[in-house]
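Survey of secondary and tertiary structure
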Amino acid sequence: MSQSHWLVKQEPETYPFDQLLRDQKTRWDGVRNFQARNNLRSMKKGDLVLYYHSGEERAVVGLCEVITEAYPDPTATEGDWSAVDLKPLKKLPRSVPLANIKSKKALANMALVRQSRLSVMTVTAAEFSEILSLSGTSLK
């Protein structure tokens, strides 16, 4: 089975990537959008995840891995919501700003560009590789 790639968005004031590095893992919960929830439910253990700081920063800043597949979100008081667990792999040597992403033809159809409000989204293998290239890193 092939590995999937994802992007999660977070306000750096709420939970910056540096905090995830310190914590070594986190529960990705609190998602209250059906499309984002369905994306969480599609994540598989070992899938790679780009960590995006939203708000003022608007940049991909880190790389994570799914370590626990979707389970009921313990923060949900009503409704059918899901959470996953993520662990950090590395901080990107260079963050990749949204403006840079938008300027690249290879990334024009990226969900981050087309559906900017979505907090959990799919990323194609080609988009994932391009983001890593722009950040000056690789999976090694």
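Provided above is the structure to which this section pertains.
Predicted model only: the values in this text are computed from it and were never measured.

Overview of the side chain of Asp 73
Inspection of the secondary structure puts Asp 73 in the loop between strand 4 (59–72) and strand 5 (82–97). Classification of Asp 73 by relative accessible area gives buried; the value is 5%. Among the polar contacts made by the side chain of Asp 73, one reaches the side chain of Thr 75 at a distance of 2.6 Å. Not counting residues up to four positions away in its chain, the partners in contact with Asp 73 are Asp 29, Gly 30, Val 31, Arg 32, Trp 81, Ser 82 and Ala 83.

A closer look at helix 2 (residues 34–42)
The set of residues buried in helix 2 consists of Ala 36, Arg 37, Asn 39 and Leu 40. With its buried residues spanning 160 degrees around the axis, helix 2 presents them on a single face. Those residues of helix 2 hidden inside the fold are in contact with strand 1 (5–10), strand 2 (26–28), strand 4, strand 5 and strand 6 (120–123). Regarding helix 2, its N-cap is Asn 33, as a side-chain oxygen of that residue lies 2.9 Å from the backbone nitrogen of Gln 35 further along.

Conventions adopted
- Residues numbered from 1 in each chain as written.
- Predicted model: local features only at pLDDT ≥ 70, side-chain atom pairs only at ≥ 80, totals over all residues.
- Heavy atoms only, no water.
- Helix = DSSP H or I, 4+ residues; strand = E, 2+ residues; numbered from the N terminus.
- Buried < 20%, exposed > 50% of the residue type's maximum accessible area, 1.4 Å probe, protein only.
- Polar contact = N/O pair within 3.5 Å; in protein donor to acceptor, adjacent residues only side chain to side chain.
- Contact = heavy atoms within 4.5 Å.
- Arc of directions from axis to C-beta.

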